[in-house]
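# Structure at a glance
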Amino acid sequence: DRVNGAPQEGEGQLRLGIVLTMAMGVGPLVIFTLSSLAPELVRDLGVQRVQLGLLATVTYLAAAPLCLMAGPIMRWLNATTVLFLLFGLAAIALALISGARSWWWLCSAAFLSGVVQSMSNPVTNLLVSTSSSRRRGAPWRGVLTPPSSARCPSTGTRPHTCSPSTTSTVNRRRAWRPARDSP
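About the thresholds
Residues numbered from 1 in each chain as written. Predicted model: local features only at pLDDT ≥ 70, side-chain atom pairs only at ≥ 80, totals over all residues. Heavy atoms only, no water. Helix = DSSP H or I, 4+ residues; strand = E, 2+ residues; numbered from the N terminus. Buried < 20%, exposed > 50% of the residue type's maximum accessible area, 1.4 Å probe, protein only. Contact = heavy atoms within 4.5 Å. Areas by Shrake-Rupley, 256 points an atom, 1.4 Å probe, with all protein chains shown as cover. Phe/Tyr/Trp six-rings, centres within 6.5 Å; stacked < 30°, edge-to-face > 60°. Polar contact = N/O pair within 3.5 Å; in protein donor to acceptor, adjacent residues only side chain to side chain. Patch = residues over 30% accessible without salt bridge, like charges linked within 9 Å, V, L, I, M, F, W, Y side chains within 5 Å. Salt bridge = Lys/Arg side-chain N within 4 Å of Asp/Glu carboxyl O. Expected span 1.5 Å × (residues − 1). Bend = angle between axes of the 7 residues up to and from the residue. Arc of directions from axis to C-beta. Core = buried A, V, L, I, M, F, W, Y, C linked by side-chain atoms within 4.5 Å.

### Quick notes on the overall build of the protein chain
If you tally the helices and strands in the protein chain, you get six helices and zero strands. Going from the N terminus to the C terminus, the protein chain shows its helices and strands as α-α-α-α-α-α. Split into buried and exposed, the 183 residues of the protein chain put 34% on the buried side. For the protein chain, long-range pairs separated by at least 24 residues make up 73% of all intrachain contacts whose partners lie at least 6 apart in sequence. By element, 62% of the accessible surface of the protein chain is carried by carbon and sulfur atoms, the whole surface being about 11,400 Å².

### Quick look at the packing of aromatic side chains
On inspection of all chains with the given rule, the structure shows one aromatic pair. Ring centres 4.8 Å apart and planes at 70° place the aromatic pair W103 and W104 in the edge-to-face group. Among the residues examined, W103 registers a relative accessible area of 13% and is labelled buried.

### Describing the side chain of Q117
Tracing the backbone through its elements, the reader meets Q117 in helix α5 (residues 103–131). Here G27 takes part through its backbone oxygen, which lies 3.4 Å from a polar atom of the side chain of Q117.

### Comments concerning a nonpolar patch on the surface
Residues L14, I18 and M22 make up a contiguous nonpolar surface patch of about 300 Å² in total accessible area. For L14, the location among the structural elements is in helix α1 (residues 9–36). For L14, a relative accessible area of 53% gives the class exposed.

### Focus on helix α3 (residues 49–76)
The terminal C-alpha atoms of α3, which comprises 28 residues, lie 40 Å apart, in line with the 40 Å expected from a rise of 1.5 Å per residue. The largest bend along α3 measures about 45° and falls at C67. All buried positions along α3 are accounted for by L55, V58, T59, A62, A63, A70 and M74.

### Topic: the pattern of salt bridges
Under the counting rule described, the total for this entry stands at one salt bridge. In this structure, R43 engages D44 in a salt bridge whose closest nitrogen and oxygen atoms are separated by 3.2 Å. Considered together, R43 and D44 belong to a single accessibility category, that of exposed residues.

### Description of helix α4 (residues 79–98)
With 20 residues, α4 should reach 28 Å at 1.5 Å per residue; the first-to-last C-alpha distance of 28 Å fits that figure. Among the residues of α4, those classed as buried are A79, V82, L83, L86, L89, A90, A93 and I97. Taken end-on, α4 shows its buried residues confined to a sector of 135°, consistent with a single buried face. Projecting away from the buried face of α4 at angles above 90 degrees are the exposed residues F84 and S98.

### Points about the side chain of T59
Tracing the chain through its elements places T59 in helix α3. The exposure class of T59 is buried, given its relative accessible area of 0%.

### So, the nonpolar core
With 33 residues, the main nonpolar core has L34, L55, L86, L106 and M119 as its most contacted residues. Of all the secondary-structure elements, those providing two or more residues to this core are α1, α3, α4 and α5. Considering every element that reaches this core, the biggest residue donor is α5, with 12 residues. When near neighbours in sequence (up to four residues on either side) are disregarded, L34 contacts L41, L55, I97, L106 and A110.

Right, here's the structure in full:
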């Protein structure tokens, strides 16, 4: 039931949800793969336990500074280009793991995983903000990550400033709401 060859609104939203989920999951996939292969990496490559821990450190040391630059990069490149980069770098990282000859190969894969993780959230934010009509709002907003505009009902503050008892009460009542469009 396509109109002029274009997907219907519901079909487009489903596709968007799939792309958003894949974009958020592909970065951690690399580090989770390294974690699950740890016994084989120790046996086959002679990687020590300390080196396995350093792989996670390399991932987040790469991601942290790049997160600061991700917003301007998203504005400079379009979402499609960033998605190709994101999935391409993740594929290269997985290929490095599969062909690893030493710890340095794994370290390179972990670094690429950090780069991918730094781009995941900004590109999904860009896709959500540009894909929905302003009148209706995005059905995916606030689904993959906690909403940034959620307020603690009893104090009107951000969730991190709520007391633990208030936070648990709020969670039981399901009072958190998805973020709203900015005016």
